[in-house]
Amino acid sequence: MNIIKGVSQLREVRRGWQLEGKVIGFVPTMGNLHQGHLNLVREAKKHADVVVVSIFVNPMQFGPDEDLDAYPRTLDNDASLLNALGVDAIFLPSIDDIYAKGLEQQTFVEVPGLSYMICGASRPGHFRGVATIVCKLFNMVQPNLAFFGEKDFQQLQVIKAMVEDLSMNLEVVGVPTTRENDGLAMSSRNQYLTDSERKLAPTLYEKMQALSAEVLGGRRDLTKLLETYKSELAGLGFKPDYLELRNAHTLLQPGHEDTKLVLLAAAFLGKTRLIDNLQISLV
């Protein structure tokens, strides 16, 4: 497995793969890997001849009061896990590789509309940071396929829109959310939960499943339904950020004719912000 730290080295290695006609799969991460990340790698290996995983904790997508400095850096363990899966290369760009002029002078990429709603309304500038770093990594790695988890559903839609709007020559592949045995969506931030919070955390997904069942059963007073479930979550000890039912493609409020929906949720449990989603098909 190659450990690649510079863009020039990456491009030299990639040139060899290109000359050999290899299909290049790419999994961008911020490290501190769990089984959800590893499942992205496994999926990439099914579709690509070579797989590149990047590890870069991106300061542009963290807000001023978020956990950039505390975000776990576990490179040795990450490298061991990726090597065991047969990853071809880990790309470890430095902050100077990514933001040579500093964040204030950095050209940025922003997807209008999708970036400002739901999670984007709660975390202003977050999706600008995501789109910018992913665009830069795509330009560096130049993959044929890129793999992202559906747990970050809005992020996935932002990246798909960016790729389409900027006519990028690659395919973005969404991979289903990986869950713990009790249903909690896997996340690097789950380790921040206390023991009592960890026991309560799966209730978020349980409530989402119950809400989904009501929608599938014919409930259409959606505003009242969502408020009821938000109140129930608050009563259990969560601090809901949002609970929204949207069109699964546009993320706009659903119309009567929409049949592909997604239930999106974010809630604080103690200091930990949990996010999850559940896709709902009415046909």
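These numbers come from a predicted model, not from an experiment.

Definitions and cut-offs
- Residues numbered from 1 in each chain as written.
- Predicted model: local features only at pLDDT ≥ 70, side-chain atom pairs only at ≥ 80, totals over all residues.
- Heavy atoms only, no water.
- Phe/Tyr/Trp six-rings, centres within 6.5 Å; stacked < 30°, edge-to-face > 60°.
- Helix = DSSP H or I, 4+ residues; strand = E, 2+ residues; numbered from the N terminus.
- Buried < 20%, exposed > 50% of the residue type's maximum accessible area, 1.4 Å probe, protein only.
- Expected span 1.5 Å × (residues − 1).
- Contact = heavy atoms within 4.5 Å.
- Pairing = 2+ DSSP bridges.
- Axes fitted to C-alpha atoms, helices over the stretch in contact; angles between N-to-C directions.
- Core = buried A, V, L, I, M, F, W, Y, C linked by side-chain atoms within 4.5 Å.
- Parallel < 35°, antiparallel > 145°, perpendicular 65-115°, else oblique.
- Nonpolar A, V, L, I, M, F, W, Y, C, P; charged D, E, K, R; others polar.

Draft legend 1. Local environment of the packing of aromatic side chains. Under the definition given, this model contains three aromatic pairs. Note on F138 and F148: the rings are 6.3 Å apart at their centroids and 75 degrees apart in plane angle, and the pair reads as edge-to-face. Placement of the pair is F138 in helix α6 (residues 126–141) and F148 in strand β5 (residues 145–149), with a sequence separation of 10 residues. Looking at F148, the relative accessible area reads 5%, which means it is buried.

Draft legend 2. Main features of helix α9 (residues 203–216). Between the first and last C-alpha of α9 there are 20 Å, a value that for 14 residues agrees with the 20 Å anticipated at 1.5 Å per step. Residues of α9 that are buried: T203, L204, Y205, M208, L211, S212 and V215. Buried positions along α9 lie against α8 (195–200), α10 (222–236), β7 (239–247), β8 (260–269) and β9 (272–281). Of the residues one or two after α9, G218 is the one with positive phi, at around 115 degrees.

Draft legend 3. Broad picture of the sheet that holds strand β1 (residues 2–4). The six strands lie next to each other as β1-β4-β3-β2-β5-β6, forming an open sheet whose pairing is parallel. In the strand order of this sheet, the two ends are held by β1 and β6 (171–175), each with one partner. Taking the axes of each pair of neighbouring strands and ignoring which way they run, one obtains an average angle of 25 degrees across the sheet. Alignment of strand β3 (residues 50–55) against strand β4 (residues 89–91), held across three bridges, turns out to be parallel.

Draft legend 4. Structural view of the nonpolar core. Residues F91, F138 and M162 are the most contacted members of the largest nonpolar core, which totals 49 residues. Every element with two or more residues in this core is listed here: α1 (7–19), β2 (24–29), β3, β4, α6, β5, α7 (153–165) and β8. In terms of residue count, α6 provides more of this core than any other element does, 10 residues in total. Beyond its immediate chain neighbours, meaning those up to four positions away, M162 contacts V109, V111, A131, V134, C135, F138 and M168. Counting 23 residues, the second-largest nonpolar core is a separate cluster that includes A201, Y205, L211 and Y229.

Draft legend 5. Representation of the environment of V111. Relative to the elements of secondary structure, V111 occurs in the loop between α4 (95–98) and α5 (119–122). A relative accessible area of 5% means that V111 is categorised as buried. Distance from V111 to M162, taken between C-alpha atoms, is 6.2 Å for residues 51 residues apart in sequence. Setting aside residues no more than four positions away along its own chain, V111 makes contact with V158, A161 and M162.

Draft legend 6. Local environment of the sheet that holds β9. Strand order in the open sheet formed by three strands is β7-β8-β9, with antiparallel pairing between adjacent strands. Of all strands in the sheet, those with a lone pairing partner are β7 and β9, marking the two edges. Recorded for the sheet is a direction-independent mean angle of 10 degrees between the axes of neighbouring strands. Two strands pair when backbone bridges link them, and β8 and β9 are joined in this way by 10 bridges, in the antiparallel orientation. If you follow L263 over to β9, its bridge partner there is L278.

Draft legend 7. Local environment of the packing of α1 against α6. In contact at an axis separation of 9 Å, α1 and α6 are set at 50 degrees when each is read in the N-to-C sense. On the basis of their axis angle, the class for α1 and α6 is oblique. Between α1, through V7, L10, R11 and R14, and α6, the contact on the second element is made entirely by N139, M140 and V141. When the residues that make up the contact of α1 with α6 are grouped by side-chain class, the tally is four nonpolar, one polar and two charged.

Draft legend 8. Structural view of unusual backbone geometry. Although it is not a glycine, N32 adopts a positive phi angle of roughly 50 degrees. Locating N32 in the fold gives a position in the loop between β2 and α2 (35–47). Phi angles above zero are rare outside glycine, and S167 is one such case at about 55 degrees. With respect to the element layout, S167 can be found in the loop between α7 and β6.

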